Structures are given as structure tokens and as C-alpha cells.
Amino acid sequence: KQWYQRRVAITAGKKGESQTNMEFMQETDFRKILQLEENYIKDICDDIIALKPDLVLTEKGVSDLAQHFLLKAGITAVRRLRKSDMNRVARAVGGQIVHRTEELKDSDVGTECGLFEVKKFGDEYFTFLTKCKNPKACTILLRGASKDVLMEVERNLLDAMNVARNVMIDPFLVPGGGAVEAAVAHRLIEKSKEIQGVGQWPYRALAEALRIIPKTLMQNCGVNTIRTMTNLTAKHATTGSTWGVDGETGNIVDMEDFGVWDTLQVKSQVFKTAIETAILLLRIDDIVSGVKKQSDIDAEKMAGKFQAANPQEGPEE
């Protein structure tokens, strides 16, 4: 079913719960309670109907009597939405969440929903609010043949969205395929040649650590690691800093032409985290283990047996 140009009212219900005990002394008391409940529900529905919405979304349930009053007014009710979904719907249709129906105003009703429809996928029904004028939130529906496939698709989608977010925040890219690591390693090696003594070894150690990334790509492709790494180093020394490893064939290619890029924000954060972790480990001068080795336990047992077999004599009086 499809409904166009919907006015959406969003109610979250009163916060908290209350417990009420009732004592009935006469047969008519129960009827009075039912009548009071019906009047209360009718007042709530009248507050909603007065604003003439086409769709009502609520975090709580909707009783049969409330459904009857709303249906007579031509209003569709959707119940038991999660709090997060309520916030997204409010941002999408331009409405406000109201906790008390008597506080509901015309400005709280969302008027930017272009199409409201209900679709059936498999055995379940799904509600869609689409064609909104100025949506500030949306939902991505993922479908898969199995739970494992669906989880994999969700993980890939989250990775892609995070990449897009990083590019929007910091719109700079660097060549991928190990090109950045190989270029930085080459610069560090060249810098170490200008330093005399042991001061050059930190530069060389960091360069060797960075070369692990392109070497791992080469090993995954099954090519000769030493020969390919030599060719990559020669390319960076003579041609430029955009040469990297093709992750499928293991060939040395220009990443600018090949079209493989990494985000600068992620790459710089990886470098910072790796260097800070190495510095933290170098500051540890010793490790105290709380678990004894089996050899130490056996040695203590042998020492105890030796002392029991050869008791020491006390001092003479």
C-alpha cells in the first residue's frame, strides 16, 4: 500500500510506569472504571485527531480502542518503535517527538514525508517513509541469503561509510599498495646515511619495519619477495614515490595510474600509533611474571627435599 504527502505525528508516551490498586465494592464500580478508561483514551485520540495527521508513530503500544478511534478518523498508527528509530524519523520528516498529547502542536507534526508505504519481504512487513523534502536521516536496508552473508555485507558497508567520512573530514589521499611505506622507508635510509655512529640505527630500524607492509603484499601474491622489493626500492630511488604492489599479481605498478588510494587521516594515525607503541615497549626495562615456570617449581621442590634430608644443626650452647 502507498500513501502520498503524509502528515506524521510522533509521540513517545509518558516516561515511567505507575502501579495502581483498585478495590471494587459494587458491581457498577467496574463499569465506571471501564468508562473512565474509555474517556481517557478518547481524550488522547481527540488531541491527536485535532491536528489531522495521516500517520501516528509511537514508542508505546496502541490499544484496540485507540485504534478504533484513529481508524474512524482515517489515521494510520505504527506502534512500538525504538527510541533510535523515533529520532531518525523525526529528523527525516521534520517533526518533533512529543511525550504528552495535550502538548502536541501543529508545528510538531512532520510535513516533509512524500510517500508512506508498507512492503512485504518474505514473511515480514516493513514500513517506509520515503521521498522526504529535506531528510537529515535515512535507513539502509540490507538483504542477504544467510546471516553470515548479511553480516559481511554490513561490515563492508560500515568500512566504506567510514572511508567516505574520513575523506569528507580530511580530503587528502595517498597512494596505496605499500607505496607510502616504501617511500618513507627510502627517505629514512637516505637520512641515515647522513648520520654517523649509532644515531643512524633508529632510522634504519623504522625503515625495515615499514617495508614489512609491501613485503607482506608480495608474499600474499606468491612472487619473489627479495627481487620484487629490490625493484620497488629502485623505482622509488629513480622514478617517484607513487609506485606500489598490485595486490592480485604482485607486479610493481604506479598507484596513481592504477587507481588505488588510502586516506591520509588513517595512514597518519597508523604511523603514530605504531611509533608510540614501540616507544612504550622500549621504556619497559623488565617484565615481572606472576606465573612460575614448571622448571622453577621443580627446583624449589628439590631444594625442599634436600633440606629435609640434611637438616642443619643448631648452635651449640
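Residues numbered from 1 in each chain as written. Predicted model: local features only at pLDDT ≥ 70, side-chain atom pairs only at ≥ 80, totals over all residues. Heavy atoms only, no water.

### Some thoughts on the overall build of the protein
Then, number 1: Along the protein, the regular secondary structure elements total eleven helices and ten strands.
Then, number 2: Split into buried and exposed, the 317 residues of the protein put 26% on the buried side.
Then, number 3: Across the protein, contacts joining residues at least 24 apart in sequence account for 55% of those joining residues at least 6 apart.
Then, number 4: When the accessible surface of the protein is split by element, carbon and sulfur atoms take 54% of a total near 23,200 Å². (Helix = DSSP H or I, 4+ residues; strand = E, 2+ residues; numbered from the N terminus. Buried < 20%, exposed > 50% of the residue type's maximum accessible area, 1.4 Å probe, protein only. Contact = heavy atoms within 4.5 Å. Areas by Shrake-Rupley, 256 points an atom, 1.4 Å probe, with all protein chains shown as cover.)

### Some points on the pairing of strand E2 (residues 55–58)
Then, number 1: Side-chain alternation along E2 places Leu-55 and Leu-57 on one buried face and Val-56 and Thr-58 on a second face that is also buried.
Then, number 2: Here three bridges tie E2 to strand E3 (residues 76–78), and the two strands are oriented parallel to one another. Across the sheet, the residue bridging to Leu-55 is Thr-76, located in E3.
Then, number 3: Since E2 and E3 lie parallel, the crossover through helix H2 (residues 64–72) that links them has a hand, and here it is right-handed. (Pairing = 2+ DSSP bridges. Right-handed = clockwise from strand over helix to strand, strands pointing away.)

### Quick notes on the pattern of salt bridges
Then, number 1: In this structure the tally under the stated criterion is 13 salt bridges.
Then, number 2: A salt bridge links Asp-159 to Arg-155; the nearest nitrogen and oxygen atoms lie 3.5 Å apart. Linking Asp-159 with Arg-155, this pair stays in helix H4 (residues 147–169), spanning four residues, or about one helical turn.
Then, number 3: Take Asp-159: its relative accessible area is 37%, and that puts it in the partly exposed class.
Then, number 4: Because the salt bridges share partners, they merge into one network encompassing Arg-82, Asp-85 and Arg-88. (Salt bridge = Lys/Arg side-chain N within 4 Å of Asp/Glu carboxyl O.)

### Things to note about the environment of Ile-140
Then, number 1: Mapping Ile-140 onto the fold places it in the loop between strand E6 (124–130) and H4.
Then, number 2: Between the alpha carbons of Ile-140 and Glu-154 there is a distance of 9.9 Å; along the sequence they are 14 residues apart.

### Quick look at the nonpolar core
Most often, soluble globular proteins have nonpolar side chains that are buried together.
Then, number 1: Counting residues in each nonpolar core, the largest one holds 15 residues, and the members touching the most others are Val-8, Ile-10, Leu-55, Leu-57, Leu-81, Val-89 and Val-93.
Then, number 2: Sorting the residues of this core by element identifies strand E1 (2–11), E2, helix H3 (83–93) and strand E5 (110–121) as the ones contributing at least two each.
Then, number 3: At five residues, H3 tops the list of elements feeding residues into this core.
Then, number 4: The residues contacting Leu-81, other than those within four sequence positions of it, are Leu-57, Thr-58, Glu-59, Met-86 and Val-89.
Then, number 5: Ranked by size, the runner-up nonpolar core spans 14 residues in total, among them Cys-45, Val-56, Phe-69 and Leu-104. (Core = buried A, V, L, I, M, F, W, Y, C linked by side-chain atoms within 4.5 Å.)

### Quick word on unusual backbone geometry
Then, number 1: Positive phi outside glycine occurs at Arg-80, with the angle close to 55°.
Then, number 2: Assignment of secondary structure puts Arg-80 in the loop between E3 and H3.
Then, number 3: Classification of Arg-80 as exposed rests on a relative accessible area of 60%.
Then, number 4: Here the phi dihedral of Lys-131 falls at roughly 55°; this positive angle occurs in a residue that is not glycine.
Then, number 5: Relative to the helices and strands, Lys-131 is located in the loop between E6 and H4.

### A closer look at the layout of surface pockets
Then, number 1: Taken as a whole, the largest pocket encloses approximately 1,100 Å³ of empty space.
Then, number 2: Taken together, 27 residues line the largest pocket, and the ones lying closest to its centre are Asp-85, Thr-127, Cys-138, Thr-139 and Ile-140.
Then, number 3: Contributing elements (two or more residues each) for the lining of the largest pocket: H3, E6 and H4.
Then, number 4: With five residues, the single largest contributor to the lining of the largest pocket is E6.
Then, number 5: Here the lining of the largest pocket is built from residues that sort into 18 nonpolar, three polar and six charged. (1 Å grid on protein atoms, 1.4 Å probe; cavity = no way out; pocket = protein on both sides within 12 Å on 5 of 7 lines; lining within 4 Å. Points joined across faces, edges and corners; volume = space filled by probe spheres on them. Nonpolar A, V, L, I, M, F, W, Y, C, P; charged D, E, K, R; others polar.)

### Quick look at the packing of helix H5 (residues 179–192) against helix H6 (residues 201–210)
Then, number 1: Two numbers describe how H5 lies on H6: the axes approach to 8 Å, and their chain directions differ by 160°. Regarding the angle of H5 to H6, the classification is roughly antiparallel. By crossing handedness, the relation of H5 to H6 is classed as left-handed. The residues of H6 that touch H5, namely those facing Glu-181, Val-184, Ala-185, Leu-188, Ile-189, Lys-191 and Ser-192, are Tyr-203, Arg-204, Leu-206, Ala-207 and Leu-210.
Then, number 2: The residue inventory of the contact of H5 with H6, partitioned by class, reads eight nonpolar, one polar and three charged. (Axes fitted to C-alpha atoms, helices over the stretch in contact; angles between N-to-C directions. Parallel < 35°, antiparallel > 145°, perpendicular 65-115°, else oblique. Left-handed = near helix turned anticlockwise from the far one by under 90°.)

### Overview of the state of the cysteines
Then, number 1: Going through the model one piece at a time under the given rule, you end up with zero disulfides.
Then, number 2: As a non-bridged cysteine, Cys-113 has Cys-132 as the owner of its nearest cysteine sulfur, 4.8 Å distant. (Disulfide = S-S within 2.5 Å.)

### Comments concerning the environment of Gln-96
Then, number 1: Residue placement: Gln-96 occurs in the loop between H3 and strand E4 (97–98).
Then, number 2: Each C-alpha atom, one on Gln-96 and one on Val-109, is 6.7 Å from the other, the two residues being 13 residues apart in sequence.
Then, number 3: When neighbours within four sequence positions are excluded, Gln-96 is seen to be in contact with Ile-10 and Asp-108.

Take it as geometry only, folks, not as evidence of what the structure does.
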